[in-house]
Amino acid sequence: KLAEEAKATEESRLQKEAKNNANNINEADEDRKDKKAWIEEGQRAAELKENGAISELVDDTETKESKENGQTNGNQMEQADDNKKKSSSKSLNYFSYEELKKGVDGVDVTKKEQALSDDDFKTVFGMTKDEFRSLRKWRQVLAKKKVRLF
């Protein structure tokens, strides 16, 4: 009886270990795929930048220019809000960055970035709306998460 219990316990342990190993393999595969996608996107972005298609890329770290100027994304976002307050000629369909972060009735939560004026969009994202739309969807999502509009 003890031998049967020991055998069952050992089988259970081995099954858990096999499951953990399978999970580790799946995670490694996902990491590899993510790295490959990042490399491909980086190559594509470098080509676009080289061709003058985009002036600045959304990155998960502060841009070189921001570091040189001592400016962070937070400062850029505050500047966008200041620009919004100063401009009285903007369309009523545009909202400030702060308003969009909190949520605005009638604005699709998955498309908040579209409710920013062109100037505010460039200040917050560091690129034009057309440049943003040219990015792959997953890259757009990362950019929106970075500025807390997702």
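Residues numbered from 1 in each chain as written. Predicted model: local features only at pLDDT ≥ 70, side-chain atom pairs only at ≥ 80, totals over all residues. Heavy atoms only, no water.

Caption draft 1: Here's a closer look at the overall build of the protein. From N to C terminus, the protein includes seven helices and zero strands. Shown N-terminal to C-terminal, the secondary structure of the protein runs as helices and strands in the order α-α-α-α-α-α-α. When burial is assessed residue by residue, the protein has 27% of its 150 residues classed as buried. Across the protein, every contact between residues at least 6 apart in sequence was considered, and the portion connecting residues at least 24 apart equals 47%. (Helix = DSSP H or I, 4+ residues; strand = E, 2+ residues; numbered from the N terminus. Buried < 20%, exposed > 50% of the residue type's maximum accessible area, 1.4 Å probe, protein only. Contact = heavy atoms within 4.5 Å.)

Caption draft 2: Representation of the confidence of the model for the protein in the model. Scored by pLDDT, the protein comes out at a mean of 75, with 68% of its residues at no less than 70. No element of the protein has a lower mean pLDDT than helix α2 (residues 64–69), at 46, and none a higher one than helix α6 (residues 129–134), at 93. In the predicted structure, residues 53–69 sits below a pLDDT of 50 and forms 33 contacts with residues beyond four places in sequence or in another chain. A low-confidence stretch, residues 84–91 stays under pLDDT 50, and its non-local contacts, those more than four residues away or across chains, total nine contacts. (pLDDT = per-residue confidence, 0-100.)

Caption draft 3: Fine view of the environment of Asp119. Position of Asp119 among the secondary structure elements: in helix α5 (residues 118–125). C-alpha of Asp119 to C-alpha of Lys129: the two residues are 10 residues apart in sequence and 9.7 Å apart in space.

Caption draft 4: Summary view of the nonpolar core. Counting residues in hydrophobic clusters, the biggest one holds 15 residues, and the most contacted among them are Leu100, Leu116, Phe125, Phe132 and Leu149. Of all the elements, α5 adds the most residues to this core, at three residues. Other than its neighbours up to four places away in sequence, Leu100 contacts Phe95, Val107, Lys112, Ala115, Leu116 and Leu149. (Core = buried A, V, L, I, M, F, W, Y, C linked by side-chain atoms within 4.5 Å.)

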